[in-house]
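# Structural characterization, general
One-letter residues, chain by chain:
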Amino acid sequence: MKIQILGPGCAKCTKLMDTAAAAAKELGITCEFEKISDVNQIMGFGVMMTPGLVVDGEVKSVGKIPSLEEMKKLLQ
């Protein structure tokens, strides 16, 4: 599974990555993380608000940080 975090590298982006990593660990999912901070790449996903969460090429969350329980649902 590939998880991409879209955003400029702000505190919200870091928290989103931490939450995604915690959810993946709890679910026993092996995943690869990638941070994308290039505005053109972010807009290429159709994301206009950050942070954004992309799982295997599909945008799952935009402009918010899902709770740990919400994140586990997004990763399944």
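Before any of the text, the structure's been laid out above.
Structural notes, computed from the coordinates. (Residues numbered from 1 in each chain as written. Predicted model: local features only at pLDDT ≥ 70, side-chain atom pairs only at ≥ 80, totals over all residues. Heavy atoms only, no water.)

### Focus: the sheet that holds strand β3 (residues 52-55)
For the record, the criterion: For two strands to count as paired, DSSP must find a minimum of two bridges between them. Only runs of H or I of at least four residues qualify as helices and only runs of E of at least two qualify as strands under DSSP, and these elements are numbered from the N terminus. Lines fitted to the C-alpha atoms define the axes, with helices restricted to the stretch that makes contact. Angles between their N-to-C directions range from 0 to 180 degrees. Throughout, a contact is declared for two residues whenever any of their heavy atoms are within 4.5 Å.
Ordered in space as β2-β1-β3-β4, the four strands form an open sheet in which the pairing is mixed. With one partner strand each, in any of the chains shown, β2 (32-36) and β4 (58-62) form the two edges of the open sheet. Adjacent strand axes in the sheet meet at a mean angle of 20° when their direction is disregarded. Direction of pairing for strand β1 (residues 2-6) relative to β3: antiparallel, over a ladder of four bridges. Considered in β3, the bridge of I3 is made with V55. Along the sheet face, helix α1 (residues 11-27) touches β1, β2 and β3 and points at about 160° away from the line of β1. Along the sheet, helix α3 (residues 68-75) makes contact with β1, β3 and β4, crossing β3 at roughly 35°.

### A few points about the side chain of K72
Along the polypeptide, K72 turns up in helix α3. Not counting residues within four places of it along the chain, the set of residues in contact with K72 comprises A23, E26 and L27.

### Some words on the pattern of salt bridges
For clarity, the threshold we go by: Whenever a carboxyl oxygen of Asp or Glu lies within 4 Å of a side-chain nitrogen of Lys or Arg, that contact is scored as a salt bridge. Throughout, exposure labels follow a simple rule: accessible area from a 1.4 Å probe, protein chains only, divided by the maximum for the residue type, with under 20% read as buried, over 50% as exposed, and the rest as partly exposed.
Evaluated as defined, the whole model comprises four salt bridges. E58 is the salt-bridge partner of K60, the closest N and O atoms lying 3.8 Å from each other. On the accessibility criterion, E58 (47% relative accessible area) is partly exposed. Here E69 makes a salt bridge to K72, at a shortest N to O gap of 3.4 Å. Here E69 and its partner K72 are both found in helix α3, three residues apart, which amounts to about one turn of the helix. Given a relative accessible area of 15%, K72 falls into the buried group. Taken together, the shared-partner salt bridges in this structure form one network comprising E26, E69 and K72.

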